[in-house]
Amino acid sequence: MKITKEQFKKDFRKRLREKFAIELEDSSETEQLVALGALVQAYYSDAWTDTWKEYLTNKKKQVYYFSIEFLPGKMLKSNLLNLGILTTVQESFKELGINFSAVCKAEPDMALGNGGLGRLASCFMDSIASCGLPGNGNGIRYDYGLFKQKFVDGYQVELPDEWLKGGNIWEVRKESKAVNVLFGGNVYLRENHRGQLKPVYENPRILRAVPYDTGMLGYENDVVNTLRLWSVEIPASEEYKYQSIEERRKLEDLTAVLYPDDSSEQGRVVRLTQEYFFVSAGMQSIVRYYKKIGVPMEELYEHIAIHINDTHPALCVAELMRILLDDEDLSWERAWDITVKVMSYTNHTIMAEALEKWPVHMMQELLPRMYQIIQEIDRRFLEEMAHLADQDLIERTRIIKDNQVHMAHLAIIGSHSTNGVAKLHSDLLRTVVLKDFSTLYPERFNNKTNGIAQRRWLQLSNEPLSHLLDKTIGCSWRKNPEDIHLLMNYQNDEAVLTGLGEVKWENKKRLADYILKTNGVAVSPDAIFDVQIKRLHAYKRQLLNLLNILTIYFELKDNPKKVMEPRVFIFGAKAAPSYTYAKTIIKCINEVANMINNDESINHRIKVVFLENYNVSLAEMIIPAADVSEQISLASKEASGTSNMKLMLNGAVTVATLDGANIEIRDAVGNDNIFIFGLREDEVYRYYESKDYSAIKTYEQNPMLQRVLNAFIDGTIPNIYREGQEVFDSLIKYNDEYFVLRDYDAYVETQRKVDATYRDTSRWQKMSLINIANAGRFSSDLTVERYAEDIWKIDSSKIIVGK
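Remember, predicted model here, so these are calculated numbers, not experimental data. (Residues numbered from 1 in each chain as written. Predicted model: local features only at pLDDT ≥ 70, side-chain atom pairs only at ≥ 80, totals over all residues. Heavy atoms only, no water.)

### Observations regarding the overall build of the protein chain
Heads up, the condition is: For the purposes of this entry, the term helix denotes a DSSP run of H or I that reaches at least four residues, the term strand denotes a run of E that reaches at least two, and both are numbered from the N terminus. To get the radius of gyration, use the C-alpha atoms; to get the globule rule, take the number of residues to the power 0.38 and multiply by 2.2 Å. Between buried and exposed lies partly exposed: a residue is buried under 20% and exposed over 50% of the maximum accessible area for its type, with that area taken using a 1.4 Å probe on protein chains only. Shrake-Rupley sampling with a 1.4 Å probe provides the accessible areas, and residues are treated as covered by the protein chains on show and by no other component. Only four residue types enter the charge count, namely Lys and Arg as positive and Asp and Glu as negative; His and the chain termini do not. Note on charges: their place is set at NZ of Lys, CZ of Arg, CG of Asp or CD of Glu.
When its secondary structure is counted, the protein chain shows 32 helices and 23 strands. What you see for the protein chain is a C-alpha radius of gyration of 27 Å, in line with the 28 Å of a compact globule of 803 residues. Counting only C-alpha atoms, the protein chain reaches 90 × 70 × 55 Å along its principal axes. For the protein chain, with 803 residues in total, the buried portion stands at 63%. When the accessible surface of the protein chain is summed, it comes to about 31,100 Å², and 48% of that surface belongs to carbon and sulfur atoms. Across the protein chain, the 99 positively charged side chains and the 113 negatively charged ones have centroids separated by 3 Å.

Here it is as structure tokens:
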């Protein structure tokens, strides 16, 4: 987009007057944000319309990406960048005397996700548009998103994240596209006048799904795709006319919160209701659009691809069958053939508890028609597989068993593709977790290693490094991320290495200022910034990090003259509200931080900082400042990870187990430019088979480990009487499920290598450069192109605005 500064300033002043009847000099930062957002929307509205028309007119095959999470973060700078006017706006604001950073800060993070799953979905939305691919997102417009995390006396406290309080400047309400979604009641089949069995619904509860569309801008290519998020409303019908305010509020709260507490029956009902709500609304919307292109329903798979992102939207399979059978009068066989060709599924975990299962009674009561269809899918699956000799295999892979509906089974059986998200993860799916299905459908299994949108995680979050790259290797990397590899030509260039060091220090200073402001802890940018940022879960092993911190602390107490680089350990993580053990670890980290940060005897040589309310905006500040990237999950447990890619791209050096995409990062940078430690995946599975791991034996044989663990229960760490005992018991009494103690020695030794290597400044900067230079292969642009070619079968489009 070609907009001069003069034109922009004129447009901006005009928009302020139109929106608020106010002059620039009298406007607030929030008013400036709203006016700027409206102006940006006006700039891309033609491209948005033309993109949609091009898809419709040319009957382009489109992918619809169903995800219960999307985590875009703030969109202002991203939209300006993708329009090609970020610099123009920054310079114009400076000339107008407006603080651009303050205006950006006034924008709330779109709180529609928890972590990696939602951020991946948003990276994909960015990349699908930037690659010119026809694609759309489909999810839920949560009123409060996850939660706002506060620490009170070291404990996590969950507060509502009212991100929608001031409205969302990017969304467009589409009342005309609303649909009804049916729940509950009684459903039975009755033969119609043509001899077809059709469902009859008695006393269903009807909810109105209203879509809010957000433009997904491609990078400087005039493509604007759509992220459609659904909000619940109560229909204006007699059924709801006389309901109490409390009853109406209960229905309206359906889309209030991401991941309602599912530790209770009621919480699980809400969660299943959410899943069907956005699946049904999205599927109805897709079929309605498809009918506009005037192609027979039997050809649906040639024009529509539907992607199931993890198991939450697995009901897409049954809902499409419902529409094709009940509404479009197709035979079961034809409907099933179409459904399998349309659907594809990404598995994001090998953790059994994350492979969703719903009680049969809950599905029958809440979604009676869905249950009928799933029951028939299951029956026909058993019938189709009856010829196999291994009847146990058939029983293990069926959808309904043990009075539960297995959603991953539904997604696999009802789709033509199942992929993992890193090479190791995909291998484990084929050989361990989903081995039975791989035996039945070997051709359906494939790998698509995750990627990140490097526009956000480098161009936007690390402008100093971006400018250094432009100066060093030119600007082609901004559109072709693999061109970052050109930086390898400068790995022995002292000027470039020094420049990288200066950029890192500048980013560390910015983060240090933030830490002082928010946590009241003074940290030095000259220290190693050691970062672990990800969801708080036992398998991610923040606890192992904490054990090493205590080890260093005790060594400093014993030997104040110990030679080591000062280090700041930085954590960012939220624990699910019902995950008490994860919240216990947060409390322990915070109390260790208080103990260490206030101990003058160690002369501030280590500091521990837990930054509250970790989100996209905070990540954008932490990641460019990181020296060390902690990727220490138990091997075989992390599907992929994407923080590892973001930190690598910004020059952090990875400390890692051979888990998830860490393996591919190791392959990219070489063993000399990453710190690998710990059990391998095959060793973990060997322990599972032999059942001979003894945590207490490991504890008894290691005096320092004894001292560290005893600190949790002997009063050394203050204020964790209950929590310390819980951690100690999890490791000793319950035999250390994630082999924290088994990997302890290797981890401590690896951290000593990190310390020694960092002291060699030139060596460290070279390692940092090599990590940056090899990060291009983890671009989500490349990932979605592989999905498009191998799974979705969609082609890029050339869109010309105003054609």
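### A look at the layout of surface pockets
Where we set the bar: Think of a 1 Å grid over the protein atoms and nothing else: a 1.4 Å probe that fits but is trapped marks a cavity, an open set flanked by protein within 12 Å on at least five of seven lines marks a pocket, and residues with an atom within 4 Å of a point count as lining. Grid points are joined across faces, edges and corners, and a volume is the space filled by probe spheres set on the points.
Of the voids in this model, the second largest pocket is the one considered here, and its volume is about 1,400 Å³. What lines the second largest pocket is a set of 37 residues, and nearest its centre among them are Lys74, Cys104, Lys105, Ser617 and Met621. Mapped onto the lining of the second largest pocket, the elements with two or more residues apiece are helix H3 (76-83), helix H5 (100-106), helix H18 (454-460), helix H19 (463-473), helix H20 (494-519) and helix H23 (616-622). With 7 residues, H20 is the largest single contributor of residues to the lining of the second largest pocket.

### Details of the packing of aromatic side chains
Convention followed: Stacked, tilted and edge-to-face pairs are distinguished by plane angle, under 30 degrees for stacked and over 60 for edge-to-face with tilted covering the rest, among Phe, Tyr and Trp rings (Trp via its six-membered ring) whose centres lie within 6.5 Å.
A full pass over the atoms with the stated rule returns 24 aromatic pairs. Consider the rings of phenylalanine 8 and phenylalanine 93, whose centres lie 6.0 Å apart with planes at 40°: the pair is tilted. Of the two residues, phenylalanine 8 sits in helix H1 (residues 5-20) while phenylalanine 93 sits in helix H4 (residues 86-96), which places them 85 residues apart along the sequence. Since its relative accessible area comes to 1%, phenylalanine 8 is described here as buried.

### What to know about the nonpolar core
Selection criterion: We call a set of buried residues a nonpolar core when its members are Ala, Val, Leu, Ile, Met, Phe, Trp, Tyr or Cys and they connect through side-chain atoms within 4.5 Å of each other.
Counting residues in each nonpolar core, the largest one holds 158 residues, and the members touching the most others are Phe12, Met283, Ile306 and Trp792. Residues Leu546, Cys588, Phe712 and Tyr738 belong to the second largest nonpolar core, which totals 71 residues.

### Observations concerning helix H32 (residues 780-792)
Our working definition: Any helix carries an expected span of 1.5 Å times its number of residues minus one. N or O atoms closer than or at 3.5 Å make up a polar contact, with two conditions inside protein: a donor-capable atom paired with an acceptor-capable one, and, for residues adjacent in sequence, both atoms drawn from side chains.
Its 13 residues give H32 an end-to-end C-alpha distance of only 15 Å, which falls more than 12% under 18 Å, the value for a rise of 1.5 Å per residue. The N-cap of H32, judged by a side-chain oxygen 3.0 Å from the amide nitrogen of aspartate 781 a few residues on, is serine 779. The positive-phi residue at the C-terminal boundary of H32 is lysine 793, with phi of around 60°.

### Describing the sheet that holds strand E20 (residues 606-610)
The following threshold applies: We call two strands paired when DSSP finds no fewer than two bridges between them. The contact criterion used throughout is that any non-hydrogen atoms of two residues lie within 4.5 Å. Angles shown run from 0 to 180 degrees and are taken between the N-to-C directions of axes, each axis being a line fitted to C-alpha atoms and, for helices, limited to the stretch in contact.
Taken in spatial order, the 6 strands of this open sheet run E20-E19-E18-E21-E22-E23, and their pairing is parallel. Each end of this open sheet is capped by a strand with a single partner; those strands are E20 and strand E23 (675-676). Relative to strand E21 (residues 628-631), strand E18 (residues 528-533) runs parallel, the two sharing 2 bridges. Bridged to aspartate 530 within E21 is valine 628. The strands touched by helix H31 (residues 761-773) are E21, strand E22 (653-656) and E23; relative to E22, the strand with the most contacts, the crossing angle is about 85°.

### Brief notes about the sheet that holds strand E14 (residues 400-401)
On the basis of which strands lie adjacent, the open sheet formed by 3 strands has the order E13-E15-E14 and antiparallel pairing. The open sheet is flanked by strand E13 (357-359) and E14, the only strands paired with a single partner. Both E14 and strand E15 (residues 404-406) contribute to a ladder of 2 bridges, which runs antiparallel. Within the sheet, the bridge partner assigned to lysine 401 lies in E15 and is glutamine 404.

### So, the UniProt feature "modified residue: N6-(pyridoxal phosphate)lysine" (unreviewed entry) in the protein chain
Selection criterion: UniProt positions are given in the numbering used here, feature names are shortened, and annotations may be inferred rather than shown by experiment.
Residues annotated in UniProt with the feature "modified residue: N6-(pyridoxal phosphate)lysine" (unreviewed entry) correspond here to Lys646. Of note, lysine 646 is situated in helix H24 (residues 643-649). Lysine 646 sits in the buried class, given a relative accessible area of 8%. Each residue touching lysine 646, except ones within four places of it in the same chain, is listed here: Arg119, Ile452, Trp457 and Ile623.

### Some points on empty space enclosed by the protein
The following threshold applies: Gly is placed with the polar residues, together with every amino acid not listed as nonpolar (Ala, Val, Leu, Ile, Met, Phe, Trp, Tyr, Cys and Pro) or charged (Asp, Glu, Lys and Arg).
What the rule picks out here adds up to 4 cavities of 30 Å³ or more. Estimated volume of the largest cavity: approximately 150 Å³. In terms of lining residues, the largest cavity is bounded by 13 residues, among which Met75, Ser78, Ser122, Asp126 and Met216 are the most central. Among the elements that line the lining of the largest cavity, the one with the most residues is helix H6 (residues 116-130), at 4 residues. Of the residues belonging to the lining of the largest cavity, the class tally is 5 nonpolar, 5 polar and 3 charged. Taken together, Gln454, Arg455, Gln459, Trp477, Arg478, Lys479, Pro481, Ser779 and Asp781 form the lining of the second largest cavity. Here the element with the most residues in the lining of the second largest cavity is H18; it accounts for 3 residues. Split by residue class, the lining of the second largest cavity holds 2 nonpolar, 3 polar and 4 charged.

### A short note on the state of the cysteines
Note the cut-off: Disulfide: a pair of cysteine sulfur atoms within 2.5 Å of each other.
Throughout the structure, instances matching the rule amount to 0 disulfides. Cysteine 123 forms no disulfide, and the closest cysteine sulfur to it belongs to cysteine 131, at a distance of 12 Å. A residue is classified by how much of its surface remains accessible, and cysteine 123, at 1% relative accessible area, is buried. Of the cysteine sulfurs around cysteine 475, a residue in no disulfide, the closest is that of cysteine 131, at 19 Å.

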